[in-house]
Amino acid sequence: MKVSVKVPATTANIGPGFDCLGMALPIYNTITIEETVLPGTGIEINVMSDGDTIDQLPLDHVPTDENSIVYKAVELLYNSIGQTPSELKINIHSNIPVARGLGSSSSVIVGALIAANELLGRPADEVALLSIACEIEGHPDNITPAIVGGLVISSQEDDGSVIYKKLDWPQEWAITVCVPDFELSTDIARSVLPKDVPMKDAIFNAKRLAMFVQAVNSKDSELMKLALQDRLHQPYRMKLIPGLDKIMDNLRHFDNVLGCVLSGAGSSILVISKKNNLDKIKDVVRETWADQNIKCSIRTLSVENEGAQIISNED
Ligand code: HSE
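Rules and cut-offs
- Residues numbered from 1 in each chain as written.
- Predicted model: local features only at pLDDT ≥ 70, side-chain atom pairs only at ≥ 80, totals over all residues.
- Heavy atoms only, no water.
- Near = heavy atom within 4 Å.
- Polar contact = N/O pair within 3.5 Å; in protein donor to acceptor, adjacent residues only side chain to side chain.
- Areas by Shrake-Rupley, 256 points an atom, 1.4 Å probe, with all protein chains shown as cover.
- Helix = DSSP H or I, 4+ residues; strand = E, 2+ residues; numbered from the N terminus.
- Nonpolar A, V, L, I, M, F, W, Y, C, P; charged D, E, K, R; others polar.
- Domains from an automatic or database assignment.
- Pairing = 2+ DSSP bridges.
- Axes fitted to C-alpha atoms, helices over the stretch in contact; angles between N-to-C directions.
- Contact = heavy atoms within 4.5 Å.
- Buried < 20%, exposed > 50% of the residue type's maximum accessible area, 1.4 Å probe, protein only.
- Lys, Arg positive; Asp, Glu negative; His and termini not counted.
- Salt bridge = Lys/Arg side-chain N within 4 Å of Asp/Glu carboxyl O.
- Expected span 1.5 Å × (residues − 1).
- Arc of directions from axis to C-beta.
- Buried area = accessible area lost by both parts, 1.4 Å probe.
- Left-handed = near helix turned anticlockwise from the far one by under 90°.

1. What to know about the site of the ligand
Item 1. Near the ligand, the surroundings consist of N13, F18, D19, H139, D141, N142, T186, R190, R237, G264 and A265.
Item 2. Here N13 contributes a side-chain N or O atom positioned 2.8 Å from an oxygen atom of the ligand.
Item 3. For the ligand, whose free accessible area comes to 250 Å², the fraction covered by protein is 96%.
Item 4. For the shell around the ligand, the secondary structure elements donating two or more residues are β2 (17-35) and α5 (186-191).
Item 5. In terms of residue class, the shell around the ligand is made up of two nonpolar, five polar and four charged.
Item 6. When we break the shell around the ligand down by domain, the ones giving at least three residues each are domain 1 (2-167 + 303-314) and domain 2 (173-301).

So, in structure tokens, the structure goes:
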């Protein structure tokens, strides 16, 4: 049996929603798992890429041994039903830029879990898949939209379960994804965060997140301009993204720009705007990064409302 699953890229945090807001985007990885007949071959993981040189890292960045998150995802699912994975061939067709804050690790975890679940006759439901995937990833903000699609606010509870609610992204707002030519691992980007934050910063983010939800629900662009701010992670990560402060400053003068935020843990950034003057926004980002000798790839994307999909299932 051979199962292929297509999983969208995701952006997370989106300003005030550190570790809880995420959105699926129309860039995809495809994960195929095939049961192999030769005993003793173990689990083989191969990674292939269609990406260009700016978006992609050398594929040896994706571990393919037992330490791989893909291996862990498959193993946890098999273990949850008292089994151990044996002979499997896993192919990852990668289009999502790696180590750029666009959910490439979540996509392979989710794709491997859903494909393995299909091979096993679907023992895990959505609740179980969310819980296993978040256990591996450590937070639900990329995993949840990768599974369910759309713009999602989610929380992994103390018992491991994940609760989520979808919000409708206003069609009037554009999402411009700016991917620089340098990688930033989530581990490094999390290592610069403090263990505790000042109460006033926690209150600032709580207010901004409430504004975010209301702004999205009421399509209120002026409120969204206030909402797209953060004091929990971006100030600490600013030093890891050369030029981000200048890009934010340069875009502040644009009336149609609602905000500029880090995508997940970086290194990509998102510009949220109305749908006019997109070329000018792109020029500002490209030129500001060029001043720092950073090349980038920039595209305006819509929200992907579908989560991971099984695209083929052959006996
Ligand atoms: N919320 C996570 C972070 C997303 O900012 O570290 C990256 O995995």
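2. So, the sheet that holds strand β8 (residues 257-262)
Item 1. Ordered by their spatial adjacency, four strands build an open sheet running β8-β9-β7-β10, and the pairing between neighbours is antiparallel. The open sheet has two edge strands, β8 and β10 (296-301), and neither has a second partner. For this sheet, the mean angle separating the axes of adjacent strands, direction not counted, is 20°.
Item 2. Strand direction decides the pairing type here: strand β7 (residues 173-180) and β10, joined by six bridges, are antiparallel. In the strand pairing of β10, V177 is matched with R299.
Item 3. Across the sheet, helix α9 (residues 244-251) lies against β8 and β9 (269-274), angled at about 175° from β8, the strand it touches most.

3. Some thoughts on the side chain of T176
Item 1. Structurally, the position occupied by T176 is in strand β7.
Item 2. Residue classification places T176 among the buried positions, given a relative accessible area of 1%.
Item 3. At a separation of 2.9 Å, a polar atom in the side chain of T176 contacts the side chain of T300.
Item 4. Beyond its immediate sequence surroundings of up to four residues, T176 is in contact with I269, L270, V271, L278, K282, I298, R299 and T300.

4. With respect to the side chain of R237
Item 1. Note on placement: R237 falls in helix α8 (residues 234-237).
Item 2. Of the side chains with opposite charge, D19 comes closest to the buried, unpaired R237, at an N-O distance of 6.4 Å.
Item 3. The residues contacting R237, other than those within four sequence positions of it, are N13, F18, A189, R190, V192, L193, L262, G264 and A265.

5. Points about helix α10 (residues 278-291)
Item 1. Its 14 residues give α10 an end-to-end C-alpha distance of 20 Å, which sits within 8% of 20 Å, the value for a rise of 1.5 Å per residue.
Item 2. Those residues of α10 that sit buried are L278, I281, K282, V284, V285, T288 and W289. Here the buried residues of α10 occupy an arc of 155° about the axis, which is enough to place them on one side. Along α10, the residues that are exposed and aim more than 90 degrees away from the buried face are D279, E287 and D291.

6. With respect to the domain arrangement of the protein chain
Item 1. By domain assignment, the protein chain separates into domain 1 (2-167 + 303-314) and domain 2 (173-301).
Item 2. Computed over C-alpha atoms only, the centres of domain 1 and domain 2 are separated by 25 Å.
Item 3. Listed per partner, the contact involves 29 residues of domain 1 and 40 residues of domain 2.
Item 4. Carbon and sulfur atoms supply 67% of the area that domain 1 and domain 2 bury against each other, a total of about 2500 Å² over both sides.
Item 5. Our count for the contact surface shared by domain 1 and domain 2 stands at one salt bridge.
Item 6. We note a salt bridge from D19 to R190, for which the minimum N-O separation is 2.8 Å.

7. Considerations on the packing of α9 against α10
Item 1. Look at α9 against α10: their axes get within 9 Å of each other, and the N-to-C directions meet at 150°. Handedness of the crossing formed by α9 with α10: right-handed. Two secondary-structure elements touch here, α9 through K246, I247, N250 and L251 and α10 through I281, V284, V285, T288 and W289.
Item 2. By residue class, the composition of the contact of α9 with α10 is six nonpolar, two polar and one charged.

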